Amino acid sequence: MVYLISYDINEQLFDYADLKEVIKTLGDYQHPMDSLWFVSTDNPDMEGIYRRLKACLRMKKDHILVLNIPNGTKRQGWMPKSFWKWLRAQYD
């Protein structure tokens, strides 16, 4: 499974290193943009992943989004070739 994780947090007021470390523990990952991560994992519990990440948020104005990207989902964008290679490999 590949999950897209995105967030909008206030890094000027708080250190969110713990959030980023939790994301890294979820599985093989790519971090192609400042607040965008793709994680490949065998864990089908998206709600559990969301709860672990939400526990790292500090303010009510912080937001987080977790989406499952199933194989066959149409994707388009301008990203490094290494990212596209990694993403394709997750579905082979």
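Residues numbered from 1 in each chain as written. Predicted model: local features only at pLDDT ≥ 70, side-chain atom pairs only at ≥ 80, totals over all residues. Heavy atoms only, no water.

*Asks:* Summarise the pattern of salt bridges; cite the residues concerned and give the values.
*Replies:* Inspection of every chain in the model, using the stated rule, returns three salt bridges. Across the salt bridge formed by R58 and D18, the nearest N and O atoms sit 3.1 Å from each other. Separated by 40 residues along the polypeptide, R58 in the loop between helix 2 (46–54) and strand 4 (63–68) and D18 in helix 1 (residues 17–25) bring together distant segments of the chain. Given the relative accessible area of 37%, R58 is considered partly exposed. Here E47 ties to R51 by a salt bridge, and the two come within 3.6 Å at their closest N and O atoms. (Salt bridge = Lys/Arg side-chain N within 4 Å of Asp/Glu carboxyl O. Helix = DSSP H or I, 4+ residues; strand = E, 2+ residues; numbered from the N terminus. Buried < 20%, exposed > 50% of the residue type's maximum accessible area, 1.4 Å probe, protein only.)

*Asks:* Help me get a handle on the packing of aromatic side chains, residues and values and all.
*Replies:* Inspection of the entire model under this criterion finds four aromatic pairs. Taken together, a centroid distance of 5.4 Å and an interplanar angle of 50° make the contact between Y29 and W37 tilted. A residue is classified by how much of its surface remains accessible, and W37, at 2% relative accessible area, is buried. For the pair F38 and F83, a centre-to-centre distance of 4.8 Å together with 55° between the ring planes defines the contact as tilted. With F38 in strand 3 (residues 36–40) and F83 in helix 3 (residues 81–90), the pair connects residues that are 45 residues apart, well separated along the chain. Looking at F83, the relative accessible area reads 3%, which means it is buried. (Phe/Tyr/Trp six-rings, centres within 6.5 Å; stacked < 30°, edge-to-face > 60°.)

*Asks:* Mind laying out helix 2, listing which residues take part and the relevant values?
*Replies:* Those residues of helix 2 that fall on the buried side of the exposure criterion are G48, I49 and L53. Projected onto a plane normal to the axis of helix 2, the buried residues spread over an arc of 135° and lie on a single side. The elements touched by buried residues of helix 2 are strand 1 (2–8), helix 1 and strand 4. (Arc of directions from axis to C-beta. Contact = heavy atoms within 4.5 Å.)

*Asks:* Hey, could you go over the side chain of D62 for me, with residue numbers and the actual values?
*Replies:* Residue placement: D62 occurs in the loop between helix 2 and strand 4. At 6.8 Å, R58 is the nearest oppositely charged side chain to D62, a buried residue that forms no salt bridge. Separated by 2.4 Å, the side chains of D62 and Y16 make a polar contact. (Lys, Arg positive; Asp, Glu negative; His and termini not counted. Polar contact = N/O pair within 3.5 Å; in protein donor to acceptor, adjacent residues only side chain to side chain.)

*Asks:* Give a detailed account of the sheet that holds strand 3, specifying residues and quantitative values.
*Replies:* On the basis of which strands lie adjacent, the open sheet formed by four strands has the order 2-3-1-4 and antiparallel pairing. Strands at the two margins of the open sheet, each flanked by one partner only, are strand 2 (28–33) and strand 4. For this sheet, the mean angle separating the axes of adjacent strands, direction not counted, is 20°. Across five bridges, strand 1 lies against strand 3 in antiparallel orientation. Looking across to strand 3, one finds that S6 is bridged to L36. (Pairing = 2+ DSSP bridges. Axes fitted to C-alpha atoms, helices over the stretch in contact; angles between N-to-C directions.)

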